[in-house]
Amino acid sequence: MSTERTFSIVKPDATRRNLTGKVIDRLESAGLRVIAQKRIWMSTKQAEAFYAVHKARPFFHDLVKFMTSGPVVVQVLEGANAVAKNREIMGATDPAKAAPGTIRKDFAESIEANSVHGSDSAENAAAEIKFFFADTEIVG
Ligand code: ADP
Ligand code: MG
């Protein structure tokens, strides 16, 4: 088990319903530590760049609209196997397929408005952290 960092977003559907604290509690209770955090409102340009890997997907335009529909909380999480652990706590992309007790099963509204983002690899985590945070903002 190695200590890792991953990148997480509390998405607009969760901030809108005042679930920010509940979502973060799930992450902290599972042993992940928030070492950087800010509440922002993403611009269309930012959301398009962040989700560039999905540019060709039919849901891309709606996804960008959704991610810019309200504030989000971007954060860096640290812990043992943080990338995989965060994905496990989040649950499957589609809440209908998410395991019981996961964030998406308990909070998500739909496959799009699914409450949280989490990096899918250590490599992508590093790139996503860099996209939103300066080194000086990662304070432990
Ligand atoms: P994950 O967030 O689980 O890594 P993806 O990287 O595949 O999932 O997709 C990124 C985001 O795009 C999802 O979290 C969700 O908000 C949205 N999304 C994925 N698939 C669909 C879909 N079929 N229809 C609408 N939105 C989708
Ligand atoms: Mg993904």
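Conventions used here
Residues numbered from 1 in each chain as written. Chains lettered and ligands numbered in written order. Predicted model: local features only at pLDDT ≥ 70, side-chain atom pairs only at ≥ 80, totals over all residues. Heavy atoms only, no water. Core = buried A, V, L, I, M, F, W, Y, C linked by side-chain atoms within 4.5 Å. Buried < 20%, exposed > 50% of the residue type's maximum accessible area, 1.4 Å probe, protein only. Helix = DSSP H or I, 4+ residues; strand = E, 2+ residues; numbered from the N terminus. Contact = heavy atoms within 4.5 Å. Near = heavy atom within 4 Å. Polar contact = N/O pair within 3.5 Å; in protein donor to acceptor, adjacent residues only side chain to side chain. Nonpolar A, V, L, I, M, F, W, Y, C, P; charged D, E, K, R; others polar.

Enquirer: How would you summarise the nonpolar core if you had to cite specific residues and measurements?
Expert: Counting residues in hydrophobic clusters, the biggest one holds 22 residues, and the most contacted among them are Phe-7, Ile-9, Met-42, Met-67, Val-74, Phe-132 and Phe-133. Those elements that place two or more of their residues in this core are strand 1 (3-10), strand 2 (33-40), helix 3 (44-50), helix 4 (60-67), strand 3 (72-80) and helix 7 (122-132). Ranked by residue count, the leading element in this core is helix 4, at five residues. Beyond its immediate chain neighbours, meaning those up to four positions away, Phe-7 contacts Phe-50, Val-74, Gln-75, Asn-86, His-117, Gly-118, Ser-119, Ala-125, Glu-128, Ile-129, Phe-132 and Phe-133.

Enquirer: Residues and numbers for the site of ligand 1, please.
Expert: Lys-11, His-54, Phe-59, Leu-63, Arg-87, Thr-93, Arg-104, Ile-111, Glu-112 and Asn-114 make up every residue found near ligand 1. The backbone of Glu-112 places a nitrogen or oxygen atom 2.8 Å from an oxygen atom of ligand 1. When the residues that make up the shell around ligand 1 are grouped by side-chain class, the tally is three nonpolar, three polar and four charged.

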